[in-house]
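Tertiary structure, described
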Amino acid sequence: MRVLQAILVRLFTTAVTLAGVAVVVFVVIRVVPGNPIAMMLPPGATEEDVARLTALYGLDKGLWAQFGIWVAGVVQGDFGTSITTKAPVLELVLGRLPATLELSIMALVMAVVLGGAAALVGTRWRGGRVEASVDVANGMALSVPDFLWGLVLILLFGVLVPVFHISGRVTPSLDLPFTTGFYLFESLFRLRFDLWADLVAHMFMPALALAIPLAAIIGQLLKQSLKETMNLDYVTLARTKGYGEFRVILREALRNAALPTLTLVGVQFTFLIGGTVIIERLFSYEGLGNMAIDAVINRDLPLIQGIVVLFAVIFTAVNLVVDLLYAVLNPRLRHG
Amino acid sequence: MSFLDIRGLSVRLKKGPALLRRVSLQVQAAEVRGLVGESGAGKSMIGKAVLGILPPSVEVSEGEIFLDGVDLLRMAPSERRRKIGAVAALIPQDPLTALNPSHRIGPQITDRLVDILGWTRARAEARALELLAEVQIPDPARVMRSYPHELSGGMRQRILIASAFAAEPKLIVADEPTTALDVTVQKQILRLIAGMQARHGTALLFVTHDLGVVSKVCQKLSVLYSGLVVEDTSVAEFFTAPRHPYSAALLAATPKYTDPLAGLNPVPDAVIDAVRAEVAAFDRMRHG
Ligand SMILES: Nc1ncnc2c1ncn2[C@@H]1O[C@H](COP(=O)(O)OP(=O)(O)OP(=O)(O)O)[C@@H](O)[C@H]1O
Ligand SMILES: [Mg+2]
């Protein structure tokens, strides 16, 4: 009951947030200099040509009138038409969304696995050289931003020992049988492990670059709260029952220690998704982020708006999922 | 040999002062030994040493702990853990923090039976229900499915007692099991522990501040001051003819046993000075 109420409240605040984001983006991209129409036309186009195209895209109207038209369209599921590609924005954006989602989720999984392993190992052998090494590795991972990790990885696994692909999402010459944009999932579903391997070989480095800083954050925070939890009375009591140290960490401490980390991971995951913009560019990965950069360069206003709104929807969805997970993991909230 | 036989156990802060000074004490099978002494005397430290849960900041510098005939301190850590888990258990001080908030009560009682002793889950659950009934918990089946935060402190302490007895240990360490509870509940819990101990024939090492409790549940008593056992005696003898002046002063300091109207008599300074001198003499002797 409480959970349902919380979801409803959340959906309402989400709607308000999205409306706010829409207004801000709409205004900002029209206030910054740069005329999309001028950029579309070849040099030497006449004043009339510019005026005609401007009117065609509705850019001659007042700011609020434009906004009204845009909102009216969005409500009906029409996000307008991309100025550069002439294709419907919604179609373009949804076409790229799966690639970015797969990359982000892959990165998140890597971060949780790496960070979780670091935290568990550091806790199991705490107070010694092992924990010190974990701390040093975490510190290094944190002091370098994701795109620099991308460059390091390209040098390591793209140039020095070329085991992974450094650009694109999939080898272009391959025949793709996919009906959805979720290639990675669909290749598994269709048991096409050859394609899956090719996709992973492309995705590995950008995902790892995104994952490394988050893994360090997870590793540090989770280790800290695990160590605190390991001193609590109920863990000490479990120790007298004959369990091994690892089992005590996993069964008694992990779940309670994971709660503060979970909240932080939610916030950090939205940062990670933001990081895809540059990482996708760096690895020429055909996702939303790469498209966003092109859209900004070309001042493709409807496309920018569509992408930003989609990112905002993703961010709030992530936060909602984190809140729900928190409630599931914490029995005191479920019954309170 | 006694079921628990601690011989000359010294524990100190790593590279620091001694916390236990050649402590020796025995607990026979089915016997209850009280452990009294002022706060910080090292009562809990003895219990922790027996159960293998000494804090990482301290170390055992000498001595032996024989539990069920084997020297715990000479065993590999994993073997020691298993031995302790198989024959001993703890009733902790604070029931509010000693249950895992994110697990239901049922598994917190049955897990060790299933995972360590290899019982079937059904058998372990039947056993848990039986024990919860024995500690007078109404509707045990519902309690098994509850989370700790749904239960009162007294209920939780009953659950922890049931859990301690679940694997039929031969020795239970109870570390001030009633101090965190309401005064009204304290008596019930005390009676419960004494009853369970008698029925199950479990040896009990009972840490307490309260000489009234000692007179009710214990047969033997060790008096501790600053990590030094100053008296090891039977309870009957302690209350009639305490040998050590510190014991006598403790007894006098408990209002019940003198004139209730006289109020609390603190341990006289002269006695404290004497027992401190004894500790200092012990340390001098050790370090030459
Ligand atoms: N985790 C720890 N690290 C370092 N020193 C400790 C730790 N726990 C206890 N000590 C010290 O060990 C000594 C004995 O502590 P212990 O807990 O055994 O006392 P106690 O007799 O149980 O006292 P109380 O009646 O207050 O529970 C004290 O001087 C205490 O400061
Ligand atoms: Mg204590």
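The structure displayed is predicted, hence computed values, not measured ones.

**A few points about the interface of chain A and chain B**
If you look at the interface, chain A gives 21 residues, while chain B gives 27 residues. In total, chain A and chain B occlude about 2,200 Å² of area from one another, counting both sides; carbon and sulfur atoms represent 53% of this. For the chain A face of the interface with chain B, the top three residues by lost area are Leu237, Thr240 and Lys241 of chain A, together amounting to 27%. Summed over the shared surface of chain A and chain B, the number is three salt bridges. Put simply, Asp111 of chain B and Arg251 of chain A hold a salt bridge, and the shortest N to O gap is 3.0 Å. Counting across the interface, chain A meets chain B through 11 residue pairs in polar contact (both at pLDDT 80 or more). Counting residues per element, the ones that place at least two in the side of chain A that touches chain B are helix H10 (233–239), helix H11 (245–282) and helix H14 (331–335) of chain A. For the side of chain A that touches chain B, the leading source of residues is H11 of chain A, giving six residues. Looking at the side of chain A that touches chain B residue by residue, the class counts come to five nonpolar, six polar and 10 charged.

**Concerning the packing of aromatic side chains**
All names here are of chain A. On inspection of all chains with the given rule, the structure shows 12 aromatic pairs over all chains. For the pair Trp125 and Phe246, a centre-to-centre distance of 6.0 Å together with 85° between the ring planes defines the contact as edge-to-face. Taken together, the residues Trp125 in the loop between helix H5 (89–124) and helix H6 (129–142) and Phe246 in helix H11 connect sequence positions 121 residues apart. The class for Phe246 is partly exposed, based on a relative accessible area of 33%. The structure contains a cluster of three or more aromatic residues connected by ring pairs, namely Phe26, Trp64, Phe67 and Trp70. Residue placement shows Arg30 over the ring face of Phe26; its charged tip is 3.7 Å from the ring centre.

**A short note on the UniProt feature "domain: ABC transporter" (unreviewed entry) in chain B**
In the numbering used here, UniProt assigns the "domain: ABC transporter" (unreviewed entry) feature to residues 4–251 of chain B. Taken as a whole, residues 4–251 of chain B contains 41% helix and 26% strand, while its terminal C-alpha atoms sit 27 Å from one another.

**A short note on the nonpolar core**
By size, the foremost hydrophobic cluster in this structure holds 96 residues, and its most contacted members are Leu4, Phe206 and Tyr246 of chain B. By residue number, the principal contributor to this core is helix H6 (residues 153–165) of chain B, which donates seven residues. Setting aside residues no more than four positions away along its own chain, Tyr246 of chain B makes contact with Glu38, Val223, Leu224, Tyr225, Val230, Val267, Val271, Ile272 and Val275 of chain B. Within the second largest apolar cluster, 62 residues are counted, among which are Trp70, Ala87, Phe283 and Val322 of chain A.

**Some points on the UniProt feature "transmembrane region" (unreviewed entry) in chain A**
Residue and element names in this part refer to chain A. The feature "transmembrane region" (unreviewed entry), as annotated in UniProt, sits at residues 7–32, 103–121, 147–167, 199–222, 257–283 and 303–329 in this numbering. Secondary structure over residues 103–121 splits into 100% helix and 0% strand, and the C-alpha atoms at its two ends are 27 Å apart. The annotated region residues 257–283 carries 96% helix and 0% strand content, and the separation between its end C-alpha atoms amounts to 36 Å.

Thresholds applied
- Residue indices follow the written sequence of each chain, beginning from 1 at its first position.
- Chains and ligands are labelled sequentially in the order written, the chains with letters from A and the ligands with numbers from 1.
- Reporting in this predicted model follows two pLDDT cut-offs: at least 70 for local features of residues, and 80 or more for side-chain atom pairs to be given and counted; totals over whole chains, interfaces and linings ignore these cut-offs and use all residues.
- Water and hydrogen atoms were dropped before computing side-chain values, which therefore reflect all heavy atoms in the structure.
- Throughout, a residue-residue contact means that at least one pair of heavy atoms, one from each residue, lies within 4.5 Å.
- Here the quantity called buried area is the total loss of accessible area, with a 1.4 Å probe, experienced by two parts when brought into contact, counted for both.
- Any Lys or Arg side-chain nitrogen located within 4 Å of an Asp or Glu carboxyl oxygen qualifies as a salt bridge.
- Here a polar contact is recorded for every N or O atom pair within 3.5 Å, except that within protein the pair must consist of a potential hydrogen donor and a potential acceptor, and residues adjacent in sequence are included only if both atoms are side-chain atoms.
- In this text, helices come from DSSP runs of H or I with a minimum length of four residues, and strands from runs of E with a minimum of two, each type numbered from the N-terminal end.
- In this classification, Asp, Glu, Lys and Arg are treated as charged, Ala, Val, Leu, Ile, Met, Phe, Trp, Tyr, Cys and Pro as nonpolar, and every other residue, Gly included, as polar.
- Only centres within 6.5 Å qualify two rings of Phe, Tyr or Trp (six-membered ring in Trp) as a pair; their planes then separate them into stacked at under 30 degrees, edge-to-face at over 60, and tilted for everything else.
- Remark: exposure states derive from per-residue accessible area (1.4 Å probe, protein chains only) relative to the maximum for the residue type, with buried under 20%, exposed over 50%, and partly exposed in between.
- Note on geometry: a ring has a charge over it if NZ (lysine) or CZ (arginine) is within 6 Å of the ring centre and within 35 degrees of the ring normal.
- UniProt positions are given in the numbering used here, feature names are shortened, and annotations may be inferred rather than shown by experiment.
- What is meant by a nonpolar core is a set of buried Ala, Val, Leu, Ile, Met, Phe, Trp, Tyr and Cys residues, joined one to another through side-chain atoms within 4.5 Å.

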